[in-house]
Amino acid sequence: MAGATGGYYVPASSPWPIIGSAGLCLLMVGFARTLNGGGDVALAMFGGGALIIIVMMVGWFHDQIREGESGMYNAQVDRSYRWGMGWVIFSEVMFFAVFFGALFYVRNLAVPWLGGEGHGVMTNMVLYPDYLATWPTNGPGAVGGTFRLVSAWDIPLVNTLILLSSGFTVTMAHRSLKLDNRKSLLVWLGLTIFLGIAFLYLQASEYIHAWTEMNLTLGSGIYGSTFYMLTGFHGLHVTVGLIMLIVVWFRLAAGHFSAERHFGFEAVAWYWHFVDVVWMCLFVFVYVL
Amino acid sequence: MSEYQEAIGRDDHQDGPAKGIRRWLFATNHKDIGTLYLVFSLIMFITGGLMAMIIRAELFQPGLQVVDPGFFNSMTTMHALIMVFGAVMPAFVGLANWMIPMMVGAPDMALPRLNNWSFWILPFAFAILLSTLFMEGGGPAAGWTMYPPLMLQTGDALPFVIFSIHLMGMSSIMGAINIIATILNMRAPGLHLMQMPLFVWTWLITAFLLIAVMPVLAGAVTMLLTDGFFGTSFFDAAGGGDPVLFQHIFWFFGHPEVYIMILPAFGVVSEIIPTFSRKPLFGYSTMVYATASIAFLSLIVWAHHMFTVGMPLAGELFFMYATMLIAVPTGVKVFNWVSTMWRGSMTFETPMLFALAFVVLFTIGGFSGVMLAITPADFQYHDTYFVVAHFHYVLVTGSIFAIMAGVYYWLPKWTGHQYPERLGKWHFWLSVIFVNVLFFPQHFLGLAGMPRRIPDYAVQFAEFNMISSIGAFCFGVTQLLFVVVIIRTVIGGKRAQARSWEGARGLEWLLPSPPPYHSFTTPPEIHPDAHPREIAHPAGP
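Given the structure is predicted, the values throughout are model-derived calculations rather than measurements. (Residues numbered from 1 in each chain as written. Chains lettered and ligands numbered in written order. Predicted model: local features only at pLDDT ≥ 70, side-chain atom pairs only at ≥ 80, totals over all residues.)

### Concerning the overall build of chain B
Stated formally: For helices the rule is a DSSP run of H or I covering at least 4 residues; for strands it is a run of E covering at least 2, with both sets numbered from the N terminus onward. The reference for a compact globule is 2.2 Å times residues^0.38; the radius of gyration itself is calculated from the C-alpha atoms. With C-beta atoms placed from the backbone, a residue counts as buried when 20 or more other C-beta atoms lie within 10 Å of its own, as exposed when 12 or fewer do, and as partly exposed for counts between those limits. By the convention adopted here, residues make contact when the C-beta atoms placed from their backbones lie within 7 Å.
Secondary structure assignment for chain B yields 16 helices and zero strands. The C-alpha radius of gyration of chain B comes to 23 Å, within 12% of the 24 Å expected for a compact globule of 541 residues. The dimensions of chain B, computed from C-alpha atoms along their principal axes, are 75 × 50 × 45 Å. Relative to its 541 residues, chain B shows a buried fraction of 60%. Nonlocal contacts in chain B, meaning residues at least 24 apart in sequence, comprise 82% of its contacts between residues at least 6 apart.

What follows is the structure, encoded as structure tokens:
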């Protein structure tokens, strides 16, 4: 009900959910058809679906922003959003955990077994007698051919420092917001965005270098698979976080949020910290070790 | 103006439902969305059921008479995908949507628009899944477990199946988040966690499981996708990967998934049995702890689905012992349901009949589960009809019967009409008889060595297969009675009271039947030391 009476805001009927569902359907069908060799029609469906989803997100968030800024959300609604964002981030943690789990299994179990350790002794002797289990590896079949490694202490180290700094800058931005210092807030948040863009730029250039010059691709056996899937999904999440940071920056510039009530900002900051933590795990388990 | 009138007078949305189809497409009301989920799940139940009929028709006699073997395999695969993701899970979400806000005294779910999105993803996801049956290469036919490398031999359908599952996962995760936020944030002031109805507790715990494991399924099928289209080697030994890796990831999702499908059933049954025994649930807090224990244990037993793949002995032993351990809290719950009835003043209307059948038959399913848990024994049972019998007992006489019990129990509340009791009883008795004709012989088929997922079998299995198939056809036809009951109750029937069942207790029974479109816009008063069944219970009908 209306926040004006202190009651919990229950929104009126909204077209955005079904629009979003139709958009998702079109996107998925288009993507699937493209993978099956669908050509232009498939790509058009994919693009159309993506467009519909963007329209949905703009429309839906616009409704929420209007509701929030006009005071319809009370403290209880705020708590619902906190729970929501927290659990979304947890579900993403579980998603990354799958790929880290796969990495752990492959490095500690599958590859040693292929190399003849433990109960893999006969498999190795019969099928892969020439295979030496090391890491990185592209398997007994040397899938994808020889590749070179990305050194952890090169761009990845720089990216680590970038993301750690961006965690600091977003926290400083939050402090400024709570102190109602808008100018300082916009500077700190702008710095965070700049650092995020720098991260993505460096990651992209590293990808291009690795893919074209070092022959490290998705097809480079299990090493390439885990490397690109983990860093790739991470990059995707950084991109999403960056878009959210930019949107919040513009909202703050437009005068949205108050020093006391600004969960939209906090949610994005939480997400950004999550992305940072995932990178730290990546840096340790994918690049260094 | 009264606070109540002020609350509804000053909001910016309509007091009643939107007109026509907008009400359903643009819904934000938990009751409407609950109805959408339930109707959708019924349609999916019938669809999955028809696939089961095709399966049992082919298995009626030895030989290949009815369908092409490849199509048979796609039927077994799709039957499971539809039933698990399209029938059982959405039905429980529908019951949750309808009942949880009313049970905790909330005006609606925490995030009503997100709620609607969770629902509307599903028809599209299943349209994509079902459309694969008409594609080049047919629908997915590698089993609902989708093991590589066989799954990677799926034709054009492969990416469609994978994306369909991604969509279903999104729906479930968002729904689960909504449920947690509702239960933790929207309870009427003074309603403590240990005062909530058990159905709410079981859903709270189920929601945690959903958020934890649906992303794992997403990861697994994403790896299938990349192995299939982008040249990765997750499941390819030549590249250093391992097909068994998929099994670990899948079952890390898959085992909690089956508990996701049964915990809400425990909740439904825990609501029904006290009502028709006219006694409070025995051992409320123990039931809560047992449910939580089951959920926790469910996360560490996944490899009991993989005992025969060649895991190290230490692993096999761990998973055996951990799996057997789950029987303990589950047994506690069964004892508590029985103890609830002890010295109760009992009547046996249809909801109670289904709930009692659940207790007995689910327990039988649990016993075959303990047999399967014993690793050396499982080496004989694995991939035979013994497994098929086990999971159909826990899912059909377990989850499905609990859903039906819940529907019978709450239909008067939802519609304001009593359902036709005689027809309900006919539905029950025919169902319970035929479900046993259908699935009990499958235990013996499995013990005698009949493998699963085969369209043709050795002649010594013929008699029991014929019996099972007859049971299936009769069980299938019997479910039409259920559809008739529902339609007749929605359309009309004797007026139902607010407290539709004499022994029913809880906030939802304070509301009229049917409840107003928006209920508890002002929260009800909770008596601070109230027994869970007696909260806000004024003297009266």
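Okay, back to it.
### What about helix 5 (residues 112-131) of chain B?
For clarity, the threshold we go by: Multiplying one less than the number of residues by 1.5 Å gives the expected span of a helix.
The terminal C-alpha atoms of helix 5 of chain B, which comprises 20 residues, lie 30 Å apart, in line with the 28 Å expected from a rise of 1.5 Å per residue. Among the 20 residues that make up helix 5 of chain B, 15 are buried, leaving the element largely enclosed by the rest of the structure.

### Section: the nonpolar core
It is characteristic of soluble globular proteins that their nonpolar side chains tend to be buried jointly. All names here are of chain B. Defined as follows: A set of buried Ala, Val, Leu, Ile, Met, Phe, Trp, Tyr and Cys residues, joined through C-beta atoms within 7 Å, is what we mean by a nonpolar core.
Formed by 257 residues in total, the largest nonpolar core has its most connected members in A220, V269, F358 and A405. Top element by residues in this core is helix 7 (residues 198-229). It accounts for 23 residues. If we skip the residues at most four places from it in the chain, F358 touches V269, T397, G398, F401, A402 and A405.

### What to know about the interface of chain A and chain B
As a reminder of what qualifies: Residue classes follow a fixed rule: Ala, Val, Leu, Ile, Met, Phe, Trp, Tyr, Cys and Pro count as nonpolar, while Asp, Glu, Lys and Arg count as charged, and any other residue, Gly among them, counts as polar.
On the chain B side, the residues contacting the 58 residues of chain A number 64 residues. Looking at the side of chain A that touches chain B, the elements that each hand over two or more residues are helix 1 (16-35), helix 3 (75-114) and helix 7 (221-253) of chain A. It is helix 3 of chain A that provides the largest number of residues to the side of chain A that touches chain B, a total of 19 residues. For the side of chain A that touches chain B, the class distribution of residues is 38 nonpolar, 19 polar and one charged.

### Some words on the environment of C474 of chain B
All names here are of chain B. Turning to its location among the elements, C474 is positioned in helix 16 (residues 462-491). Taking the C-beta count within 10 Å as the criterion, C474 has 16 such neighbours and is therefore assigned partly exposed. In sequence terms C474 and V435 are 39 residues apart; their C-alpha atoms lie 8.7 Å from each other.

### With respect to the environment of A498 of chain B
Here A498 of chain B lies in the segment after helix 16. Along the primary structure A498 of chain B and E508 of chain B are separated by ten residues, whereas in three dimensions their C-alpha atoms are 8.5 Å apart.

### Here's the deal with the environment of N436 of chain B
Residues and elements named next belong to chain B. With respect to the helices and strands, the residue N436 is situated in helix 15 (residues 421-447). Accessibility expressed as a C-beta count within 10 Å gives 17 for N436, which makes it partly exposed. Separated by 297 residues in sequence, N436 and G139 have C-alpha atoms that sit 30 Å apart.

### Description of unusual backbone geometry
Among all residues except glycine, the phi angle is most often negative; among peptide bonds, the trans geometry is most common. Residue and element names in this part refer to chain B. Here P148 and P149 are connected by a cis peptide whose omega angle stands at -5°. For P149, the position within the fold is in the loop between helix 5 and helix 6 (157-185). Each neighbour pair has its own omega, and for S513 with P514 the value is -5°, a cis peptide bond. Backbone geometry places D383, a non-glycine residue, at a positive phi of 60°. Position of D383 relative to the elements: it lies in the loop between helix 13 (375-381) and helix 14 (385-415).

### Notes on the packing of helix 3 (residues 30-58) of chain B against helix 4 (residues 69-104) of chain B
Residue and element names in this part refer to chain B. Rule in force here: Working convention: axes come from line fits to C-alpha atoms, limited for helices to the stretch in contact. Angles between N-to-C directions cover 0 to 180 degrees. Any angle that falls under 35 degrees is termed roughly parallel, while one over 145 is termed roughly antiparallel, one within 65 to 115 roughly perpendicular, and all others oblique. Helix crossings fall into two classes, left-handed where the near helix is turned counterclockwise from the far one by less than a right angle and right-handed where it is turned clockwise.
Helix 4 packs onto helix 3 with a crossing angle of 155° between their chain directions and a minimal axis gap of 7 Å. Relative to helix 4, helix 3 is oriented roughly antiparallel. The crossing of helix 3 and helix 4 is left-handed. Residue composition of the contact of helix 3 with helix 4, by class: 21 nonpolar, ten polar and two charged.

### Points about the confidence of the model for chain A
As a reminder, the rule being used: pLDDT expresses how confident the predictor is about each individual residue, on a scale running from 0 to 100.
Confidence in the prediction of chain A, expressed as mean pLDDT, is 95, and 98% of residues score 70 or more. Note that pLDDT drops below 50 for residues 1-5 of chain A; the model gives that stretch 24 contacts with residues more than four away or on any other chain.

### Describing the packing of helix 4 of chain B against helix 7 of chain B
Residues and elements named next belong to chain B. Contact geometry for helix 4 and helix 7: axes closest at 10 Å, N-to-C directions at 120°. Taken together, the axes of helix 4 and helix 7 are oblique relative to one another. At the point where helix 4 passes helix 7, the crossing takes the left-handed sense. Judged by residue contacts, A96, M99, I100, M103 and V104 of helix 4 engage F199, V200 and W203 from helix 7. For the contact of helix 4 with helix 7, the class distribution of residues is eight nonpolar, no polar and no charged.

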